[in-house]
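# Remarks on the overall topology
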Amino acid sequence: MNIGYHKWHSPHLDRDMELKVYEMRENLLSFFPTQAGRFFQAEDEGIMESVFGFINDGRIHMIAVDSIDHESCRTGKPHPHQKRITS
(Lines give C-alpha, C1' and ligand atoms only; values in the text may rest on other atoms or scores of the structure.)
Protein backbone atom coordinates (compact mmCIF):
# COMPACT_ATOMS: atom_id res chain seq x y z
CA MET A 1 0.00 0.00 0.00
CA ASN A 2 1.32 3.44 -0.90
CA ILE A 3 0.81 6.11 1.75
CA GLY A 4 1.29 9.76 0.90
CA TYR A 5 1.49 12.66 3.32
CA HIS A 6 0.36 16.04 2.00
CA LYS A 7 0.28 19.52 3.44
CA TRP A 8 -1.39 22.39 1.60
CA HIS A 9 -2.37 25.93 2.39
CA SER A 10 -6.12 26.55 2.65
CA PRO A 11 -6.93 30.05 1.46
CA HIS A 12 -10.30 29.88 3.24
CA LEU A 13 -8.78 29.06 6.63
CA ASP A 14 -5.51 30.87 5.96
CA ARG A 15 -3.53 27.98 7.41
CA ASP A 16 -1.77 24.79 6.39
CA MET A 17 -3.86 21.61 6.41
CA GLU A 18 -2.50 18.06 6.63
CA LEU A 19 -3.87 14.86 5.14
CA LYS A 20 -2.86 11.33 4.22
CA VAL A 21 -3.69 9.53 0.98
CA TYR A 22 -3.71 5.74 1.03
CA GLU A 23 -3.17 4.45 -2.54
CA MET A 24 -4.55 6.18 -5.60
CA ARG A 25 -7.59 4.51 -7.16
CA GLU A 26 -10.96 5.51 -8.60
CA ASN A 27 -13.18 4.71 -5.60
CA LEU A 28 -12.56 7.26 -2.89
CA LEU A 29 -13.23 6.76 0.81
CA SER A 30 -12.88 9.95 2.86
CA PHE A 31 -12.09 9.70 6.56
CA PHE A 32 -12.95 12.58 8.85
CA PRO A 33 -11.66 12.29 12.42
CA THR A 34 -13.98 12.33 15.40
CA GLN A 35 -14.28 15.43 17.56
CA ALA A 36 -10.83 16.75 18.49
CA GLY A 37 -9.21 14.00 16.37
CA ARG A 38 -6.41 14.34 13.84
CA PHE A 39 -5.74 13.03 10.32
CA PHE A 40 -3.76 10.03 11.64
CA GLN A 41 -6.63 8.80 13.83
CA ALA A 42 -7.61 6.18 11.21
CA GLU A 43 -4.29 4.43 11.85
CA ASP A 44 -4.40 4.90 15.64
CA GLU A 45 -7.93 3.41 15.88
CA GLY A 46 -7.22 0.38 13.65
CA ILE A 47 -9.48 1.55 10.82
CA MET A 48 -6.68 1.16 8.29
CA GLU A 49 -6.29 -2.50 9.24
CA SER A 50 -9.96 -3.12 8.48
CA VAL A 51 -9.81 -1.57 4.98
CA PHE A 52 -6.25 -2.61 4.11
CA GLY A 53 -7.41 -5.49 1.89
CA PHE A 54 -9.65 -3.22 -0.18
CA ILE A 55 -6.84 -0.69 -0.61
CA ASN A 56 -4.24 -3.34 -1.39
CA ASP A 57 -6.52 -4.98 -3.97
CA GLY A 58 -6.92 -1.58 -5.66
CA ARG A 59 -10.66 -1.40 -5.06
CA ILE A 60 -10.55 1.85 -3.07
CA HIS A 61 -8.25 4.61 -2.04
CA MET A 62 -8.69 6.52 1.17
CA ILE A 63 -7.99 10.11 2.16
CA ALA A 64 -7.77 11.01 5.85
CA VAL A 65 -8.18 14.74 6.40
CA ASP A 66 -7.23 16.81 9.41
CA SER A 67 -9.60 18.81 11.59
CA ILE A 68 -9.34 22.21 13.20
CA ASP A 69 -11.43 21.38 16.27
CA HIS A 70 -8.57 22.43 18.52
CA GLU A 71 -8.84 25.89 16.96
CA SER A 72 -12.61 26.17 16.79
CA CYS A 73 -15.33 24.40 18.74
CA ARG A 74 -12.95 22.69 21.19
CA THR A 75 -11.10 25.79 22.37
CA GLY A 76 -13.34 26.33 25.39
CA LYS A 77 -14.01 29.89 24.28
CA PRO A 78 -17.62 30.98 23.82
CA HIS A 79 -19.09 31.30 20.36
CA PRO A 80 -18.99 34.94 19.16
CA HIS A 81 -22.81 35.13 19.40
CA GLN A 82 -22.63 34.14 23.08
CA LYS A 83 -20.24 36.94 24.05
CA ARG A 84 -21.79 39.89 25.84
CA ILE A 85 -20.91 43.36 24.69
CA THR A 86 -19.93 45.55 27.60
CA SER A 87 -19.32 49.27 27.51
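Report on the accompanying structure. (Residues numbered from 1 in each chain as written. Predicted model: local features only at pLDDT ≥ 70, side-chain atom pairs only at ≥ 80, totals over all residues. Heavy atoms only, no water.)

### Considering the environment of N2
Of note, N2 is situated in the segment before strand 1 (3-10). Those residues in contact with N2, other than ones at most four positions away along the chain, are V21, Y22 and E23. (Helix = DSSP H or I, 4+ residues; strand = E, 2+ residues; numbered from the N terminus. Contact = heavy atoms within 4.5 Å.)

### Examining the nonpolar core
The biggest cluster of nonpolar side chains holds nine residues, and these are Y22, F31, A42, M48, V51, I55, I60, M62 and A64. Sorting the residues of this core by element identifies helix 2 (47-56) and strand 4 (61-65) as the ones contributing at least two each. With three residues, the top contributor of residues to this core is helix 2. (Core = buried A, V, L, I, M, F, W, Y, C linked by side-chain atoms within 4.5 Å. Buried < 20%, exposed > 50% of the residue type's maximum accessible area, 1.4 Å probe, protein only.)

### What to know about the sheet that holds strand 4
As summarised here, the arrangement of the four strands in space is 1-2-4-3, forming an open sheet in which the pairing is mixed. The strands lining the two open edges of the sheet, one partner per strand, are strand 1 and strand 3 (28-31). For this sheet, the mean angle separating the axes of adjacent strands, direction not counted, is 25°. Helix 2 contacts strand 2 (15-22), strand 3 and strand 4 of the sheet and is inclined by roughly 150° relative to strand 4. (Pairing = 2+ DSSP bridges. Axes fitted to C-alpha atoms, helices over the stretch in contact; angles between N-to-C directions.)

### With respect to helix 2
Looking at helix 2, one finds that the buried residues are M48, V51 and I55. Take helix 2 and look down its axis: the buried residues cluster within an arc of 85°, on one side only. Facing away from the buried side of helix 2 by more than 90 degrees, the exposed set consists of E49 and S50. Against the buried residues of helix 2 lie strand 2, strand 3, helix 1 (41-44) and strand 4. (Arc of directions from axis to C-beta.)

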